[in-house]
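For reference, the chains in residue letters:
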Amino acid sequence: MDLLSASPPSAVLLSLFVVGYLVLAGSDIGLGMLMPHVARTPAERRRVAAAIAPYFLASEVWLVAALGVMAGLFPVLEHHVVGALWPVLVVLLAGWLFRDAGLWFRGQVDSARWRFACDTAIVTGSWTLALCWGLVLAGLLGGGASLNPFTVLGAVAVVWLFALRGAAFGAERLVGPDDESGAESADAAARATRTLARVALGTVAATAAVAAVAAAGTGSDGAGSGGSDGLVLTGPGIAVLLVTVLLAALGATSGLSGPILSRHTSALAIAVPGLLVALCAQLPVADMPGMTGVFVWSTLLPAVPVMLIGQVWLYRMTRRPAVPASFFA
Amino acid sequence: MLFRAPTADRRGHPMLEDPLVLARLQFALTAATHYMFVALTLGLAPYILGTQLVAVLRGDRSRMLSVRLWGGLYLVNYGMGVLSGLVMELQLALNWSGLHEMFGYTFAAPLAIETMTAFFIESTFLGLWIFGWDRMGRWAHLFCFTVVTVTAYSSAWWVLISNGFLRHPVGFTMVDGVAHLTDPVALMTNPAAVFAFLHVTSSALLVGALVVAAVSAYHLLRGEDPHRIFRRGMRFAAVVMTVMPFVVVTFGGLQFQIFGQDPPTSGLTYTAAEVEEIESAARSTIATTASTTGEIVMITAWTLMFFLGPVMLLAQFADLLNPLRWLPNLLPRRGAGRRTLAGRVPNWLRPSRWGLTLLLFSPFLPYLASVGGWVFRETNRQPWVVVHHLTTADAVTPMPPGAALVSFTLFTVAFAALAAVTYRLLVRFARLGPEGSPLAERREEGPRETPEPVHTF
Ligand code: HDD
Ligand code: HEM
Ligand code: HEM
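Residues numbered from 1 in each chain as written. Chains lettered and ligands numbered in written order. Predicted model: local features only at pLDDT ≥ 70, side-chain atom pairs only at ≥ 80, totals over all residues. Heavy atoms only, no water.

Engineer: How do you make sense of the overall build of chain A when you look at a structure like this?
Structural biologist: The number of helices and strands found in chain A is 9 helices and 0 strands. Taken from N to C terminus, the helices and strands of chain A fall in the order α-α-α-α-α-α-α-α-α. In chain A, buried positions account for 61% of the 329 residues. Put simply, of all contacts in chain A between residues at least 6 apart along the chain, 77% involve residues at least 24 apart. Element-wise, carbon and sulfur atoms account for 73% of the exposed surface of chain A, whose accessible area totals about 11300 Å². (Helix = DSSP H or I, 4+ residues; strand = E, 2+ residues; numbered from the N terminus. Buried < 20%, exposed > 50% of the residue type's maximum accessible area, 1.4 Å probe, protein only. Contact = heavy atoms within 4.5 Å. Areas by Shrake-Rupley, 256 points an atom, 1.4 Å probe, with all protein chains shown as cover.)

Take a look at the structure:
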């Protein structure tokens with residue numbers, strides 16, 4: 001069964017948190033990945049860390065919330081995900097831990113070696129996170145952590161989507177108020193969007209081709225229902241549609257208008273893998289006992305307005321380019 | 001239900017290859033570390049909130065400086081609290097899948113609510129509080145920290161609902177070996193959770209008070225308190241330390257009620273005879289010893305703190321902490337002219353210096369008591385993870401020994417490193433005082449780093 005036909009309101013909630021996480025955290029994880037590329041001087045690196053800082057707190061709460069929903073409302077699904085992907089999840093957690101530690105501690109000690117250590121943690125942690133997310137998403141679509149062409153290519157594609165999202169975010173956020181300090185980093189990020197979109201386009205197309213071959217190999221129809229490597233999708237039509245949207249978004253970014261639209265196209269692009277998992281992956285979900293739903297929803301509903309107000313307020317407040325000095329950098 | 005002796009088939013394993021032992025040890029270590037940060041979060045938040053409220057009401061800059069100081073410590077500590085909490089959450093999912101399989105809809109539901117409501121809101125508003133310091137009005141800024149405080153306490157509340165459920169499972173029926181929630185009200189009014197919440201939060205206030213006292217003592221010993229931050233801190237600590245031990249002992253004592261009581265759901269999974277058999281098969285001297293040690297540590301520390309509060313209060317009344325009383329002696333160069341009787345007493349003979357020096361180490365007491373209390377509670381529950389329903393051995397995720405060892409080593413090392421870094425940062429910022437706080441006003445300066453163009457990567 002796919003997720004959304006299980007218990008609709010809770011599944012929408014879970015999908016919302018996962019997709020929201022990918023879109024929001026994609027920015028700061030992606031920028032972390034690109035730090036060595038866009039920031040060459042200590043001042044530039046500081047600026048990158050300062051650009052990431054207000055966002056990572058606000059975006060990883062989406063993931064924590066997703067984990068909470070999954071544990072509380074979909075224990076069977078959680079059991080499946082953990083069982084299938086245990087090693088990937090341990091590495092993901094470690095990467096997350098190191099990246100966050102780097103971000104929290106970077107601005108706290110004024111020494112070049114300290115900052116170097118923290119920057120290394122941020123960069124390697126960001127790459128680890130992106131790769132692990134790729135493996136998780138491709139693994140959920142492809143039926144496990146086994147390394148086959150589909151999961152490998154799919155994981156790499158997701159990595160590029162993260163990087164693209166980070167480049168788009170950097171192009172916007174790294175511009176300094178005084179235009180001399182951040183301009184170069186912002187330009188480097190803006191230029192990277194087009195290259196990254198092209199690489200991503202190629203990888204996504206290859207992944208889709210592998211999926212189609214796998215599907216055709218078993219003689220069934222559509223963009224991948226049934227395959228020897230366990231690629232079983234419940235909604236082939238929707239999958240084709242989503243992949244087309246993804247390819248179109250990447251195509252638009254690879255072209256001339258790349259950097260200008262990239263903020264929106266990269267968001268759309270990185271949302272697609274999450275939507276694919278939510279709408280098309282074959283996942284074990286059981287019906288939730290009614291009382292648990294009543295309990296969770298009745299405590300959740302009063303909190304929703306506060307959650308939204310807080311998030312919107314924070315994003316509005318920090319939308320201006322990175323401030324020169326803050327707690328984090 | 002099929003009866004399985006919890007540990008019988010594991011006897012042959014050498015300790016470090018047994019995933020069960022590793023998973024338990026890992027949980028105990030990370031939980032203890034997590035709780036150290038949590039206790040300080042819970043203990044400091046109300047003090048910061050109160051100080052900020054007064055600062056806003058009176059437009060008092062020196063109190064706002066104090067908010068910057070304690071708020072800076074709060075942030076550093078909170079960062080680690082979140083990181084370790086995330087590991088706890090994922091660890092529960094990764095290592096204790098049996099618990100989720102059977103009690104996902106009851107035990108995990110409050111944790112899910114916690115992450116969505118309390119944590120989500122807490123982190124967002126803490127972000128607003130940090131980044132909005134100079135960008136929003138002072139009432140809005142105060143409001144943000146109010147939300148942070150309320151959600152920190154509601155985090156603790158929901159987590160303890162889950163934890164209390166393990167100790168005293170209530171409010172569900174078993175359907176095909178899976179617990180289905182029937183009575184959310186019983187879940188939320190579970191005495192094992194409510195008393196624990198009151199006991200935990202009141203004991204966390206002791207942690208906060210003695211950390212404030214220790215930091216204040218450090219600065220008072222050096223005779224530096226231009227903004228009266230540390231004398232005010234001392235007064236707060238003295239009052240809390242006088243009042244709170246009574247609350248702590250009341251709700252601690254009330255928890256003894258639950259001892260030896262069968263949970264109302266007992267019998268749904270195992271019959272009384274099976275329960276008896278499991279418990280006697282698993283009786284372990286290690287667990288009993290750990291439990292008793294935890295209890296003794298906790299109660300000894302409480303006794304010491306019970307006397308500490310009144311002494312601190314007396315010292316304040318007698319004005320023994322007024323730095324002017326011993327400042328001349330502390331700095332003989334300047335004090336040479338003031339040869340009062342008090343001025344001639346050698347430093348090391350002064351009760352105030354002794355007192356302040358002792359206070360520097362006083363936070364050990366509530367921290368020890370807290371970890372002791374948890375060890376008491378958690379080992380007391382053995383061999384059950386959910387009393388009378390699920391044994392610890394049945395709850396652990398089946399995993400190859402190698403994988404368990406890798407995960408254990410990875411997280412224990414990472415945790416030890418993070419805890420050490422956090423501890424050093426806390427000490428460092430505590431020493432630097434309000435001007436060196438991570439939240440200090442240092443915005444105007446240019447980039448602090450030397451701008452040589454070096455390629456590091
Ligand atoms: C500063 C910390 C502190 C202090 C001074 C005390 N405790 Fe405590 N105690 C805790 C911190 C704590 C704790 C860490 O917060 C625990 C662990 C779980 C819980 O509910 O609170 C705990 C648990 C706990 C339990 C529950 C054990 C279980 O459920 O198995 C009891 C019965 C007591 N305590 C009793 C006391 C008594 C009688 C105290 C004083 C004489 C006392 N505690 C002082
Ligand atoms: C909501 C809070 C908590 C939950 C849900 C929880 C749950 C668990 C679980 C699932 C285990 C492993 C199974 C077992 O050994 O029973 C465990 C063990 C343990 N936990 Fe907790 N725990 C919580 C808080 C804490 C805290 C804050 C501490 C602090 C010291 C702690 C100390 C321990 C110890 C010492 C063990 C090992 C007990 C043993 O195996 O003998 N726990 N807990
Ligand atoms: C199984 C045990 C536990 C799990 C899975 C867990 C989970 C988490 C997580 C995911 C976080 C970070 C996000 C947040 O703020 O909620 C966190 C922080 C927090 N936890 Fe825990 N926790 C456990 C034990 C405890 C205990 C025993 C308490 C105290 C009574 C507690 C109280 C808090 C508080 C107050 C915070 C926020 C403040 C801070 O991070 O310093 N937790 N916990």
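Engineer: Explain the overall build of chain B to me, please; I cannot follow it from the model alone.
Structural biologist: Each helix and strand in chain B was counted, giving 17 helices and 4 strands. Restricting to contacts in chain B with at least 6 residues of sequence separation, those with at least 24 account for 82%. With the model as given, the accessible surface of chain B reaches about 19500 Å², and the carbon-plus-sulfur share is 68%.

Engineer: Please clarify how the coordination of the iron atom of ligand 1 should be interpreted in this entry.
Structural biologist: Angles at a metal have ideal values that depend on geometry: 109.5 degrees with four tetrahedral donors, 90 or 180 degrees with six octahedral donors. Residue and element names in this part refer to chain B. In the first shell of the iron atom of ligand 1, the protein supplies His199 (NE2) and Met298 (SD), at 2.1 to 2.4 Å from the metal. Note that the iron atom of ligand 1 binds 6 donor atoms; their angles at the metal cover 84 to 179°, and the shape is octahedral. Linking histidine 199 in helix H7 (residues 191-221) with methionine 298 in helix H10 (residues 285-317), this pair joins segments that are 99 residues apart in sequence. (Donors = N, O, S within 2.8 Å, 3.2 Å for Na, K, Ca; no water. Tetrahedral: all angles 85-135°; square planar, octahedral: opposite > 155°, others 65-115°.)

Engineer: Before we go on, may I ask you to explain the interface of chain B and chain A in this structure?
Structural biologist: With 72 residues of chain B in contact, the opposing surface of chain A contributes 74 residues. Taking both partners together, chain B and chain A bury about 6800 Å²; carbon and sulfur atoms supply 79% of that area. Taken together, the connections running from chain B to chain A amount to 0 salt bridges. At the junction of chain B and chain A, the tally comes to 1 residue pair in polar contact (both at pLDDT 80 or more). Counting only elements with at least two residues in the side of chain B that touches chain A, the list comes to helix H2 (61-95), helix H3 (97-103), helix H4 (108-131), helix H5 (138-167), strand S2 (178-181), helix H6 (184-188) and helix H17 (401-432) of chain B. (Buried area = accessible area lost by both parts, 1.4 Å probe. Salt bridge = Lys/Arg side-chain N within 4 Å of Asp/Glu carboxyl O. Polar contact = N/O pair within 3.5 Å; in protein donor to acceptor, adjacent residues only side chain to side chain.)

Engineer: Sorry, what's going on with H10(B) here?
Structural biologist: Residues spaced three or four apart along an α-helix point in a common direction, a consequence of the helix completing one turn every 3.6 residues. For H10(B), with 33 residues, the first-to-last C-alpha span of 49 Å sits near the 48 Å given by 1.5 Å per residue. Within H10(B), the full set of buried residues consists of Ala287(B), Ser291(B), Gly294(B), Met298(B), Ala301(B), Met305(B), Gly309(B), Met312(B), Ala315(B) and Gln316(B). (Expected span 1.5 Å × (residues − 1).)

Engineer: Help me out: how do you make sense of the coordination of the iron atom of ligand 2 in this one?
Structural biologist: Only one protein atom coordinates the iron atom of ligand 2: Glu378(B) (OE), located 2.3 Å from the metal. Inspection of the secondary structure assignment puts Glu378(B) in helix H15 (residues 364-380).

Engineer: Hey, could you run me through the confidence of the model for chain A in this one?
Structural biologist: Keep in mind that low pLDDT regions are not for reading the predicted coordinates in detail. On average, residues of chain A score 75 in pLDDT, and 81% of them reach the 70 mark or higher. The model gives residues 219-230 of chain A a pLDDT under 50, and that stretch makes 35 contacts with residues more than four places away or in other chains. (pLDDT = per-residue confidence, 0-100.)

Engineer: Is there a simple way to think about the site of ligand 1 in this case?
Structural biologist: Residues and elements named next belong to chain B. Taken together, 23 residues lie around ligand 1, and Arg167, His199, Met298, Ser370 and Arg377 are the ones closest in. Histidine 199 places a polar side-chain atom, nitrogen or oxygen, 2.8 Å from a nitrogen atom of ligand 1. A distance of 3.4 Å separates an oxygen atom of ligand 1 from a polar atom in the side chain of glutamine 255. Elements that contribute at least two residues to the shell around ligand 1 include exactly H7, helix H8 (229-255), H10 and H15. Among the elements that take part in the shell around ligand 1, H15 stands out by supplying 8 residues, more than any other. Of the residues that constitute the shell around ligand 1, the class distribution is 14 nonpolar, 7 polar and 2 charged. (Near = heavy atom within 4 Å. Nonpolar A, V, L, I, M, F, W, Y, C, P; charged D, E, K, R; others polar.)

Engineer: Explain the site of ligand 2 to me, please; I cannot follow it from the model alone.
Structural biologist: Residue and element names in this part refer to chain B. By nearness alone, 21 residues border ligand 2, and Arg24, Val159, Glu378, Arg381 and Gln382 come closest of all. The side chain of arginine 24 places a nitrogen or oxygen atom 2.5 Å from an oxygen atom of ligand 2. Between ligand 2 and glutamate 378, the relevant distance is 2.7 Å, taken from a nitrogen atom to a side-chain nitrogen or oxygen of the residue. In terms of residues, the shell around ligand 2 owes the most to one element, helix H1 (residues 19-58), which gives 6 residues. Considered class by class, the residues forming the shell around ligand 2 number 14 nonpolar, 4 polar and 3 charged.

Engineer: Just checking my understanding: could you explain the nonpolar core for this structure?
Structural biologist: What tends to happen in soluble globular proteins is that the nonpolar side chains get buried as a cluster. Core analysis: the biggest nonpolar cluster contains 230 residues, and Phe17(A), Tyr74(B), Leu99(B) and Phe103(B) have the highest contact counts within it. Membership of the second largest hydrophobic core comes to 5 residues, among which are Tyr270(B), Val275(B), Ile278(B) and Trp384(B). (Core = buried A, V, L, I, M, F, W, Y, C linked by side-chain atoms within 4.5 Å.)

Engineer: How do you make sense of the pairing of strand S1 (residues 172-175) of chain B when you look at a structure like this?
Structural biologist: Successive residues of a regular strand alternate their side chains across the two faces of the sheet. Two strands pair when backbone bridges link them, and S1(B) and S2(B) are joined in this way by 4 bridges, in the antiparallel orientation. If you follow Thr173(B) over to S2(B), its bridge partner there is His180(B). (Pairing = 2+ DSSP bridges.)

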